[in-house]
Amino acid sequence: MYTLSQHTLPPICIYFYQGMGCAEATSDSANVRCVVDLSNRPYFEWDLPLDEEYVGGDEEGFAAMRRGGENGKMLCGSALTCEMLQHVFESLTIETRATVHIEVLGDYKSSDGHTKNLAIASARAYGTALRECVRIDPRRAGKVASSKGTLSV
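Let me begin by describing the structure that accompanies this report. On a predicted model such as this, the values are computed, not experimentally measured, just so you know.

1. A closer look at the packing of helix α3 (residues 82-95) against helix α4 (residues 114-134)
Across the interface, α3 lies against α4 with an axial gap of 11 Å and an inter-helix angle of 10 degrees. Considered as vectors, α3 and α4 are oriented roughly parallel to each other. Counted together, Cys82, Leu85, Phe89, Leu92 and Thr93 of α3 and Thr115, Ala119, Ser122, Ala123 and Tyr126 of α4 form the full contact between these two elements. Taken together, the residues of the contact of α3 with α4 sort by class into seven nonpolar, three polar and no charged.

2. A look at the state of the cysteines
Enumeration according to the criterion identifies zero disulfides in this entry. Cys34 provides the cysteine sulfur closest to Cys22, a residue in no disulfide bond, and the two sulfurs are 7.8 Å apart. Judged by relative accessible area, which is 38%, Cys22 ranks as partly exposed.

3. Thoughts on α3
Taking 1.5 Å per residue, 14 residues should reach 20 Å; α3 reaches 20 Å between its end C-alpha atoms and fits that length. Along α3, the positions that sit buried rather than exposed are Cys82, Leu85, Phe89 and Thr93. End-on, the buried residues of α3 take up no more than an arc of 70 degrees, which puts them together on one face. Along α3, the residues that are exposed and aim more than 90 degrees away from the buried face are Glu83 and Glu95. Of the surrounding secondary structure, the elements contacted by the buried residues of α3 are β3 (43-46), β4 (99-104) and α4. Remark: Arg97 follows α3 within two positions and exhibits a positive phi of approximately 55 degrees.

4. Description of the pattern of salt bridges
Counting across every chain of the model gives two salt bridges. Measuring nitrogen to oxygen at the nearest pair gives 3.2 Å for the salt bridge that ties Arg33 to Glu24. In the salt-bridge network here, residues are joined through shared partners; they are Glu24, Arg33 and Glu103.

5. Some remarks on the packing of aromatic side chains
Within the structure shown, the criterion is met by four aromatic pairs. Both rings, one in Phe44 and one in Phe89, keep their centres 6.3 Å apart while their planes meet at 15 degrees; by these two values the pair is stacked. Here Phe89 lies in helix α3 and Phe44 lies in strand β3, a separation of 45 residues in the sequence. Phe89 sits in the buried class, given a relative accessible area of 6%. Judged by centre distance (5.6 Å) and plane angle (25 degrees), the rings of Phe89 and Tyr126 are stacked. Of this pair, Phe89 sits in helix α3 while Tyr126 sits in helix α4, placing them 37 residues apart in sequence. Clustering of aromatic rings is evident, with ring pairs tying together Phe44, Trp46, Phe89 and Tyr126.

Rules used throughout
Residues numbered from 1 in each chain as written. Predicted model: local features only at pLDDT ≥ 70, side-chain atom pairs only at ≥ 80, totals over all residues. Heavy atoms only, no water. Axes fitted to C-alpha atoms, helices over the stretch in contact; angles between N-to-C directions. Helix = DSSP H or I, 4+ residues; strand = E, 2+ residues; numbered from the N terminus. Parallel < 35°, antiparallel > 145°, perpendicular 65-115°, else oblique. Contact = heavy atoms within 4.5 Å. Nonpolar A, V, L, I, M, F, W, Y, C, P; charged D, E, K, R; others polar. Disulfide = S-S within 2.5 Å. Buried < 20%, exposed > 50% of the residue type's maximum accessible area, 1.4 Å probe, protein only. Expected span 1.5 Å × (residues − 1). Arc of directions from axis to C-beta. Salt bridge = Lys/Arg side-chain N within 4 Å of Asp/Glu carboxyl O. Phe/Tyr/Trp six-rings, centres within 6.5 Å; stacked < 30°, edge-to-face > 60°.

See below:
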């Protein structure tokens, strides 16, 4: 069966455009970009230099967290391992059936505790890109992004 490209290409491009989002976010010296594609093909990739065991590099804070915190208070943010941070992003990506790429922008200089800034910037960029993916285009007024009235996945 032969189909003219003018009947297939525009709806496909509209569909892909509607399900994609890209955002950049910063936290102190960390500048991160996240690209999300709600493609129904889950895949996660990142190039963050997470070379510390714990987010923020605070091993003493993690030890205090295991003991129940200082003065009975929990030390929020000091107990997340960098390995678990990656697992959180991978799990979110798989469950949303998205393709996601997170990357560090520019010349990033790591220092003690730099993983906290990378984690915060990554979460901000991921959330913003995901919001961009699912936003409703007011120009369509709630209609499907196709001249035929339907999109099949």
